[in-house]
Amino acid sequence: MKILINALLMATVALTGIGPVVADDLRDQALSIFSPLPSTIPAVQNNPITPEKIELGKALFFDTRLSASGVFSCNSCHNLATGGDDNLETSIGHGWQKGPRNAPTALNAVFNIAQFWDGRAEDLKAQAKGPVQAGVEMANTPDQVVTTLKSMPQYVAWFEAAFPGEADPVTFDNMAKAIEAFEATLITPAPFDAYLNGDDAALSDEQKVGLALFMDKGCASCHSGINVGGNGYYPFGLVQKPGADVLPEGDKGRFAVTATADDSYVFRASPLRNIALTAPYFHSGKVWDLGEAVSVMGSAQLGEELTDADSEAIVAFLHSLTGTMPEITYPVLPAETNATPRPSGEVK
């Protein structure tokens, strides 16, 4: 088998001009760029994770009553049954308004350097607060959320268990901390992790060729680390700017956060775990085919028109990032009371 893999990789060298990589060196090269997922729930800053906090966070993640209309939950745009996103170009929110950007996956999001395409939320706690308050998404207010949660005795008991010793545990901040704790469990170990951990058979021969191309063509310059991306900011169109259909001129990315000219059209590199499940692609959500997305990145970021064979091999490698989904039991949520605020679809 090693002889066959070596032959395939050497054939790739001959056809594409990539550096001299052989099978015995491939994993070592990959381990210098990527890291396998941990076997335990990762710690998050300033938020000790406990079973009680996880269970509360799961309930909140699925509860549509965090939205003003009572229609939308976190799971609406980050559907854990469909790759952690909503498979729409841009999400539909309050009053059926259409959001400005494609919804990133919630799976493995705990490993990102920051949240949202422009990195405006430093962690999952901050991210959890954003959509709840965004007028185009859940259109609620912190005070209304707290009033809603306090109106249901079961929620009060769950918050007391998750945040013991606090005089008033039902707060907007604690809501966000609980959701962060739950999202930290959304980890999807994939064949690529098994390969990094020493299992040669975890990747097919074509996937190993694709991995070699992914590294040697330069894709891994932006898409590296534990989440195969999500750990840095880069201009979209580094070499060749895509058309306005893929890169809308009105969305300047991180510039809106920093007001720095150098951050125009700069975005956080997309994490690529489970990428085969999360079409459409890019912040605009305009590309539905993974092979086409690879080709766009080749020309836009690398200045290279990838051959069909190269694109197919890289796509095969990307499929090795599709992981085992966490088993989620849909929570039974607390019942409303007469004190629970009534839903409203008013668009302000």
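Residues numbered from 1 in each chain as written. Predicted model: local features only at pLDDT ≥ 70, side-chain atom pairs only at ≥ 80, totals over all residues. Heavy atoms only, no water.

We now examine the nonpolar core. Within the largest apolar cluster, 41 residues are counted, with the highest numbers of intra-cluster contacts made by Phe 34, Phe 192, Leu 211, Phe 214 and Leu 318. For this core, the secondary-structure elements that each account for two or more residues are helix H2 (23-31), helix H9 (191-196), helix H10 (205-216), helix H12 (290-302) and helix H13 (308-319). With 6 residues, the single largest contributor to this core is H10. In contact with Phe 214, not counting residues within four places along its chain, are Phe 34, Cys 219, Ala 220, His 223, Val 228, Leu 272, Ile 314, Phe 317 and Leu 318. (Core = buried A, V, L, I, M, F, W, Y, C linked by side-chain atoms within 4.5 Å. Buried < 20%, exposed > 50% of the residue type's maximum accessible area, 1.4 Å probe, protein only. Helix = DSSP H or I, 4+ residues; strand = E, 2+ residues; numbered from the N terminus. Contact = heavy atoms within 4.5 Å.)

Attention shifts here to unusual backbone geometry. Excluding glycine, residues mostly carry a negative phi; peptide bonds, for their part, are mostly trans. Here the bond from Ala 279 into Pro 280 is cis, since omega is 5°, no more than 30 degrees from zero. Topologically, Pro 280 is positioned in the loop between strand E2 (266-268) and H12. One non-glycine residue with positive phi stands out, namely Phe 116, at about 75°. Mapped onto the fold, Phe 116 is located in the loop between helix H4 (74-77) and helix H5 (124-133). Judged by relative accessible area, Phe 116 falls into the buried class, the value being 14%. Its identity as a non-glycine residue notwithstanding, Phe 282 has a phi of 70°, on the positive side. Here Phe 282 lies in the loop between E2 and H12. For Phe 282, a relative accessible area of 12% translates into the label buried.

All right, on to the packing of aromatic side chains then. Counted under the stated rule, the structure contains 12 aromatic pairs. Arranged with centres 5.6 Å apart and planes meeting at 90°, the rings of Tyr 155 and Trp 158 form a pair that is edge-to-face. Linking Tyr 155 with Trp 158, this pair stays in helix H7 (residues 153-162), spanning 3 residues, or about one helical turn. The side chain of Arg 120 reaches across the aromatic face of Phe 116, ending 3.8 Å from its centre. (Phe/Tyr/Trp six-rings, centres within 6.5 Å; stacked < 30°, edge-to-face > 60°. Lys NZ or Arg CZ within 6 Å of the ring centre and 35° of its normal.)

Another point: H13. Taking 1.5 Å per residue, 12 residues should reach 16 Å; H13 reaches 16 Å between its end C-alpha atoms and fits that length. Buried within H13 we find Asp 310, Ser 311, Ala 313, Ile 314, Val 315, Ala 316, Phe 317 and Leu 318. (Expected span 1.5 Å × (residues − 1).)

Turning our attention to the state of the cysteines. Evaluated as defined, the whole model comprises 0 disulfides. Cys 74 takes part in no disulfide bond, and the closest cysteine sulfur to it belongs to Cys 77, at a distance of 9.0 Å. Residue class for Cys 74 comes out buried when judged on its relative accessible area of 11%. (Disulfide = S-S within 2.5 Å.)

One pass over the structure, following the stated rule, counts 15 salt bridges. Measuring nitrogen to oxygen at the nearest pair gives 2.4 Å for the salt bridge that ties Lys 129 to Asp 173. With Lys 129 in helix H5 and Asp 173 in helix H8 (residues 172-183), the pair connects residues that are 44 residues apart, well separated along the chain. Owing to a relative accessible area of 24%, Lys 129 belongs among the partly exposed residues under this scheme. You can call Asp 173 partly exposed: its relative accessible area is 42%. One salt-bridge network, held together by shared partners, links Arg 101, Asp 118, Arg 120 and Asp 251. (Salt bridge = Lys/Arg side-chain N within 4 Å of Asp/Glu carboxyl O.)

The next thing to look at is the packing of H5 against H8. Remark: H5 packs on H8, axes separated minimally by 8 Å, with the N-to-C direction vectors making an angle of 115°. Crossing angle aside, the handedness with which H5 passes H8 is right-handed. Here Leu 124, Lys 125, Gln 127, Ala 128, Lys 129, Val 132 and Gln 133 of H5 come into contact with H8, specifically with Phe 172, Asp 173, Met 175, Ala 176, Lys 177, Ile 179, Glu 180 and Glu 183. Broken down by class, the residue content of the contact of H5 with H8 amounts to 7 nonpolar, 2 polar and 6 charged. (Axes fitted to C-alpha atoms, helices over the stretch in contact; angles between N-to-C directions. Left-handed = near helix turned anticlockwise from the far one by under 90°. Nonpolar A, V, L, I, M, F, W, Y, C, P; charged D, E, K, R; others polar.)

Right, let's talk about the environment of Leu 211 for a bit. By the secondary structure assignment, Leu 211 is in helix H10. Considering only alpha carbons, one finds Leu 211 and Leu 318, 107 residues apart in sequence, at a separation of 8.3 Å. Those residues in contact with Leu 211 that sit more than four places away from it in its chain are Leu 26, Ala 30, Phe 34, Phe 192, Tyr 195, Leu 203 and Phe 317.

What follows covers a nonpolar patch on the surface. A cluster of nonpolar side chains, contributed by Val 71, Leu 88, Ile 92 and Trp 96, occupies part of the molecular surface with about 380 Å² of accessible area. Position of Val 71 relative to the elements: it lies in the loop between helix H3 (51-62) and H4. (Patch = residues over 30% accessible without salt bridge, like charges linked within 9 Å, V, L, I, M, F, W, Y side chains within 5 Å. Areas by Shrake-Rupley, 256 points an atom, 1.4 Å probe, with all protein chains shown as cover.)

In this section: the confidence of the model for the protein. Mean pLDDT for the protein: 93, with 93% of residues reaching 70 or above. Across residues 1-8, where pLDDT falls below 50, the model places 13 contacts with residues more than four positions away in sequence or in other chains. Long-range and interchain partners of residues 10-21, a stretch whose pLDDT sits below 50, account for 22 contacts in this model, where long-range means more than four residues apart. (pLDDT = per-residue confidence, 0-100.)

The next subject is the side chain of Ser 299. Along the chain, Ser 299 turns up in helix H12. Owing to a relative accessible area of 13%, Ser 299 belongs among the buried residues under this scheme. Setting aside residues up to four positions removed in sequence, Ser 299 forms contacts with Val 239, Gln 240, Glu 304 and Glu 305.

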